[in-house]
Amino acid sequence: MQDKYNFREIEKKWQDVWADTNAFKVEEDPEKEKYYVLEMFPYPSGKLHMGHVRNYSIGDVIARFKKMNGYNVLHPMGYDAFGLPAENAAIKHNVEPAEWTWGNIAEMNRQLRELGLSYDWDREVATAHPKYYRWMQWIFIQFFKKGLAYKKESSVNWCPSCQTVLANEQVVDGCCERCGSPVGKKNLSQWYFKITDYAERLLDNLDKLEGWPTKVKTMQRNWIGKSHGAEVTFQIKDYDETLTVFTTRVDTIYGTTFMVLAPEYPSVLKMVEGTEYEADVKAYIDRCAHMNEIERTSTTNEKTGVFIGKYAINPFSGAEMPIYISDYVLMGYGTGAVMGVPAHDQRDFDFAKKFGIDIIPVIDVHDPDIDLNNLQEACAAEGTLINSAEFSGMDNKEAIQKIAEVAEERGIGKKTINYRLRDWLISRQRYWGTPIPMIHCDTCGWVPEKEENLPVLLPTDVEFTGKGESPIVTSKTFVDTVCPICGKPAKREVDTMDTFLDSSWYFLRYCDARNDEEVFSKEKADYWMNVDQYIGGVEHAIMHLMYARFFQMALHDLGLVKDEEPFKNLLTQGMVTKGYYNDKDEYIIAKMSKSLGNVVSPAEIIEKYGADTARMFILFAAPPERELEWSDRGVEGCYRFLNRIWRLVAEFIEKGNNVPGEYEIRNEADKKLAYLLNYAIKKVTEDIRDRFNFNTAISSVMELVNEMYKYKEGDVNHALYSTAVKTMIILLAPFVPHITEEIWENLGYGGSVHAQAWPSYDESALVKDEIEIVIQINGKNKEKINIPGELSRDEMLEIAKENDIIKGLIEGKNVVKMIAVPGRLINIVIKG
RNA sequence: GCGCCUGUGGUGGAAUUGGCAGACACGCUAGAUUUAGGUUCUAGUGCGAGAGCGUGGGGGUUCAAGUCCCUCCAGGCGCACCA
């Protein structure tokens, strides 16, 4: 073996071997237990970043580990290739989105291969490829046929100067990021998916996802936002229309002193038409159009609103209440109308204070600190109803039920369940996405393209001016077509799909990526699905994961897949950050980003230290769920460790005593090495398998290596030492695949280290004859003693009482209590 | 603003089930080797002179709290057209 660790040569050599032998190709094999490990596929920006390296290193360790444990491992990779950046490149640099994207994919492919990842490249997918999006369109049509897709008016961000639709991201402080002019709203007819039909199942199934982090499930629960409440209908005085509100606190209905509608509430304009209020109301609505939801619902903002000149009648008390519009009411949640109960809701309280509206307390919370008749803030606590006619004196929880029932009897309301989750708006007025395969016929309405005509190809005769509702409109060949039903001239939908759709089923396509006959074979999907381990950034905790769950459920209902849930276990990795000095010379730790200039490129690190070092550092520096701060010093430390291993093995091979196998424990040194060897096997196995704590797995191997360095200078038991070398290389193989493969070859074992069976450990080597325990007095450490490992509590206490130091400390004191925890400590509680 | 999460030596982190806080690594200090430097090896390294004190701050539960409860503070992520 060479005496220098030449990573450049080694890594290239083995990457070529793995590619030439198609080392990670897998087929369905009913004889073997399958394991599907999946990392979230990247958007092909052109350059791999450290977040990718972290994500794929984690997945690769798991994939290689499972393979060595005998599983048939599916580990695929692909590209989420549609999206806005390609289109921006087209507008800015006059390059075709397709050309830009395929170029980036080629580059990213090269970089991924340089990392030595164990992918089955035969299953690679790219969502922008017609052979992929053809099936995306097919799925859309199935959803449409099932009634899951529908069209509805909805507003988009519109830049009046660029004459184009803007993503939320392109709106900076209410202005267009490109030209800086204030952004407005524009109503368009757009496609939606009825994800709300699945709200209850999406919520209920969360309980079954035991392999998901609690925090992700909590976030999804909150996002779905199920609340039980009631709808109540209010008459409007001298006007022929009613208002229906949703409230979770119908018990407070007697405290309602005003009504508030969302500015977008459909009939507002009609209600003020021709009245003295019209101008003010219109101006207010216009102002709200420039605000986003976060600004609108902020509870720190001073409340704003406008009276619309109408009064609603409280169906319970008969009171007349002014109707306002205000931005804190959202059209998208509930009914877009709320009853204002200032005494018991803080937002309503703020609004009432601002507009001088009465505050009527209707819940007595039995708190002496609260003066109900002079409230300083809203009081949302439970209590007893007051000022509430026949309901006064009733417990408020009971009243929620009772009042809803009475409303239902009188035909003015009912109990309802409301979700915060809204239907999924999937239309995008953009070019670089899957064309929505729908055709509009004046006679037949919206009709799907015939399935045999799929894919509806993206037109290439398109101009990227950055203007207009969708660039596809500029195509001379795309729009005009004939109706698939009646054959009359018809027009194609020019909108494309949200790229979140593409990424909502790619894990299924991987199961049968080259199928041109169907979306995927059910048999193959049934074999591989569901994904045993999904790994990706925590930023996807809600949207991507919710959409993918929805797709899987809908496809399940279509009979295409057997499970309702796609991802059995989920690992959310933290971000990769790096410190930098800002303008004020303060040290800031932030996500790596170009604009901050704190980016370390993986290519740079691979060039300098190799892929093995890069992989190892990123796994060693922090557990995967946590944020990881990049440290150049830390990288050097890992590089040093790999060199240390290289030298250790080189010397070992040089000496020529490679005789692994059964060994005897002859002395303390043997025992210590055998202990650390078996401990490392146990630790690495459990840390990978049960908790993904790669950092502690690696540190246990470091401890073993440190001991081997000491051990080899003494009286060497060759069978033991050879076993330690061999095992140590196997343990490291999932983390640093190139160096271990090269060493494996040099050790002369034959085959690939990655095809070896995972080692098991000897429990008896982990038993210590003597253990150190601490003796505490009143919880403070006072003495450490060595005792045999298997002593009972009483025996431990006897020894402690005989100890000289302890004797001295408890002499003359009143011993209240003695606690012994076998294997750990003794605590003596004394008084006086 | 709302929701979720995180906070431990000079630094990244360890402590998996309430039971010795600081494993492993970086950095630093001293020594050895080589000596042009680096590399490599050995020893030391939470703070404090010490009794002791120490896991963002304050309070609580417990024989015992980094871990459980309350509260405050700081930072991060998501918020529906970025992916």
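See the structure printed just above.
Here the structure is a predicted model, which is why all the values come from computation and not from measurement.

Near RNA strand B, the surroundings consist of 66 residues, among which Asp 80, Asn 168, Arg 644, Lys 683 and Arg 824 are the closest. Here the atoms of RNA strand B within 4 Å of the protein split so that 67% fall in sugar or phosphate, with bases taking the remainder. Asn 222 has a polar side-chain atom sitting 2.6 Å from a sugar or linking oxygen of RNA strand B. A distance of 2.9 Å separates a base nitrogen of RNA strand B from a polar backbone atom of Arg 420. Per-element accounting of the surface near RNA strand B gives the leading share, 6 residues, to helix H21 (residues 694-711). Taken together, the residues that form the surface near RNA strand B break down as 23 nonpolar, 20 polar and 23 charged.

Once that is clear, we can look at the packing of helix H5 (residues 130-145) against helix H16 (residues 543-557). As a packed pair, H5 and H16 sit with axes 11 Å apart at the nearest point and diverge in direction by 65 degrees. Comparing their axes, H16 and H5 come out roughly perpendicular. The interaxial crossing formed by H5 with H16 has left-handed handedness. Seen from H5, the contacting residues are Met 136, Ile 139 and Phe 143; seen from H16, they are Phe 550, Phe 551, Ala 554 and Leu 555. Looking at the contact of H5 with H16 residue by residue, the classes come out as 7 nonpolar, no polar and no charged.

Enumeration according to the criterion identifies 47 salt bridges in this entry. Close ionic contact of Asp 563 with Lys 562 constitutes a salt bridge, the shortest N to O distance being 3.8 Å. The class of Asp 563 is partly exposed, set by a relative accessible area of 22%.

A word on the packing of aromatic side chains. Ring pairs (aromatic) are described by centroid distance and by the angle formed between their planes. Using the criterion set out here, one finds 58 aromatic pairs in the structure. With 6.4 Å between their ring centres and 45 degrees between their planes, Phe 692 and Phe 694 make a pair best called tilted. Comparing Phe 692 with Phe 694 shows no difference in burial state: the two are buried. Each residue in the set Phe 140, Phe 143, Phe 144, Trp 191, Phe 193, Tyr 198, Trp 424, Trp 446, Phe 500, Tyr 547, Phe 550 and Phe 551 is aromatic and connected to the rest through ring pairs, giving one cluster. Against the face of Trp 121 rests Arg 113, its NZ or CZ located 4.3 Å from the ring centre. Over the ring of Phe 478 we find Arg 492; its NZ or CZ atom is 5.8 Å from the centre of that ring.

What follows is about the environment of Glu 636. Relative to the helices and strands, Glu 636 resides in helix H19 (residues 632-655). Separated by 75 residues in sequence, Glu 636 and Tyr 711 place their C-alpha atoms 25 Å apart.

Within the structure shown, the criterion is met by 1 cavity of 30 Å³ or more. Empty space within the largest cavity amounts to approximately 150 Å³. As for the largest cavity, its lining consists of 18 residues, of which Glu 87, Ile 91, Thr 164, Gly 466 and Pro 471 are closest to the centre. When contributions to the lining of the largest cavity are tallied by element, the ones reaching two or more residues are helix H3 (84-93) and strand E6 (164-166). Top element by residues in the lining of the largest cavity is H3. It accounts for 4 residues. Considering only residue class, the lining of the largest cavity consists of 5 nonpolar, 7 polar and 6 charged.

With that settled, the discussion passes to the sheet that holds strand E31 (residues 770-777). Spatially, the 4 strands line up as an open sheet ordered E32-E31-E34-E33, and their pairing is mixed. Either end of the sheet is taken by a strand with one partner, and the two such strands are strand E32 (780-788) and strand E33 (814-821). For this sheet, the mean inter-axis angle between neighbouring strands, taken without regard to orientation, is 20 degrees. Strand direction decides the pairing type here: E31 and E32, joined by 8 bridges, are antiparallel. Across the sheet, Gln 776 pairs through a bridge with Asn 781, a residue of E32.

For the rest of this paragraph, the subject is the packing of helix H18 (residues 611-620) against H19. Remark: H18 packs on H19, axes separated minimally by 9 Å, with the N-to-C direction vectors making an angle of 120 degrees. Judged on the interaxial angle alone, H19 and H18 are oblique. Pair H18 / H19 crosses with right-handed handedness. Facing Asp 612, Thr 613, Met 616, Phe 617 and Phe 620 of H18, the residues of H19 in contact are Gly 634, Val 635, Cys 638, Tyr 639, Phe 641 and Leu 642. Across the contact of H18 with H19, the residue classes break down as 8 nonpolar, 2 polar and 1 charged.

The next point concerns the side chain of Asn 55. Counting through the fold element by element, Asn 55 comes out in helix H2 (residues 50-68). There is a polar contact of 3.2 Å between the side chain of Asn 55 and the backbone oxygen of Ile 535. When neighbours within four sequence positions are excluded, Asn 55 is seen to be in contact with Glu 39, Met 40, Ile 535, Gly 536 and Gln 573.

For H16, with 15 residues, the first-to-last C-alpha span of 21 Å sits near the 21 Å given by 1.5 Å per residue. When you tally the buried positions in H16, you get 12 out of 15 residues, the bulk of the element. Buried within H16 we find His 544, Leu 545, Met 546, Tyr 547, Ala 548, Arg 549, Phe 550, Phe 551, Gln 552, Met 553, Ala 554 and Leu 555. Positioned one or two residues after H16, Gly 559 has a phi angle of 80 degrees, which is positive.

With that out of the way, let us pick up the nonpolar core. Membership of the largest hydrophobic core comes to 176 residues, with the highest contact counts inside it found for Tyr 36, Phe 193, Trp 505, Phe 507, Phe 551, Met 728 and Phe 735. With 10 residues, the single largest contributor to this core is H21. Counting residues in each nonpolar core, the second largest holds 46 residues, with Val 232, Tyr 254, Ile 308 and Ala 337 among its members.

What follows deals with the layout of surface pockets. Reported here for the second largest pocket is a volume of approximately 270 Å³. In this structure, the second largest pocket is lined by 16 residues; those nearest its centre are Gln 15, Trp 18, Ala 19, Arg 113 and Trp 121. The element contributing the most residues to the lining of the second largest pocket is helix H1 (residues 7-20), with 4 residues. Counted by class, the lining of the second largest pocket contains 7 nonpolar, 3 polar and 6 charged residues.

Spatially, E2-E1-E26-E27 is the arrangement adopted by the 4 strands of the open sheet, whose pairing is parallel. Edge positions in the open sheet fall to strand E2 (72-74) and strand E27 (570-573), since each of these has one partner strand only. Averaged over all pairs of adjacent strands, the angle between their axes in this sheet comes to 15 degrees, without regard to strand direction. Inspection of the sheet shows strand E26 (residues 533-537) paired to E27 by 4 bridges, in the parallel sense. Looking at the pairing, Gly 537 lines up with Gln 573 of E27.

Next up on the list: a negative patch on the surface. Taken together, Glu 668, Asp 769, Glu 770, Glu 790, Asp 794 and Glu 795 make up a surface patch of like negative charges. Within the element layout of this structure, Glu 795 appears in helix H24 (residues 793-802).

Rules used in this analysis
- Residues numbered from 1 in each chain as written.
- Chains lettered and ligands numbered in written order.
- Predicted model: local features only at pLDDT ≥ 70, side-chain atom pairs only at ≥ 80, totals over all residues.
- Heavy atoms only, no water.
- Near = heavy atom within 4 Å.
- Polar contact = N/O pair within 3.5 Å; in protein donor to acceptor, adjacent residues only side chain to side chain.
- Helix = DSSP H or I, 4+ residues; strand = E, 2+ residues; numbered from the N terminus.
- Nonpolar A, V, L, I, M, F, W, Y, C, P; charged D, E, K, R; others polar.
- Axes fitted to C-alpha atoms, helices over the stretch in contact; angles between N-to-C directions.
- Parallel < 35°, antiparallel > 145°, perpendicular 65-115°, else oblique.
- Left-handed = near helix turned anticlockwise from the far one by under 90°.
- Contact = heavy atoms within 4.5 Å.
- Salt bridge = Lys/Arg side-chain N within 4 Å of Asp/Glu carboxyl O.
- Buried < 20%, exposed > 50% of the residue type's maximum accessible area, 1.4 Å probe, protein only.
- Phe/Tyr/Trp six-rings, centres within 6.5 Å; stacked < 30°, edge-to-face > 60°.
- Lys NZ or Arg CZ within 6 Å of the ring centre and 35° of its normal.
- 1 Å grid on protein atoms, 1.4 Å probe; cavity = no way out; pocket = protein on both sides within 12 Å on 5 of 7 lines; lining within 4 Å.
- Points joined across faces, edges and corners; volume = space filled by probe spheres on them.
- Pairing = 2+ DSSP bridges.
- Expected span 1.5 Å × (residues − 1).
- Core = buried A, V, L, I, M, F, W, Y, C linked by side-chain atoms within 4.5 Å.
- Patch = residues over 30% accessible without salt bridge, like charges linked within 9 Å, V, L, I, M, F, W, Y side chains within 5 Å.
- Areas by Shrake-Rupley, 256 points an atom, 1.4 Å probe, with all protein chains shown as cover.
- Lys, Arg positive; Asp, Glu negative; His and termini not counted.
- Charge placed at Lys NZ, Arg CZ, Asp CG, Glu CD.

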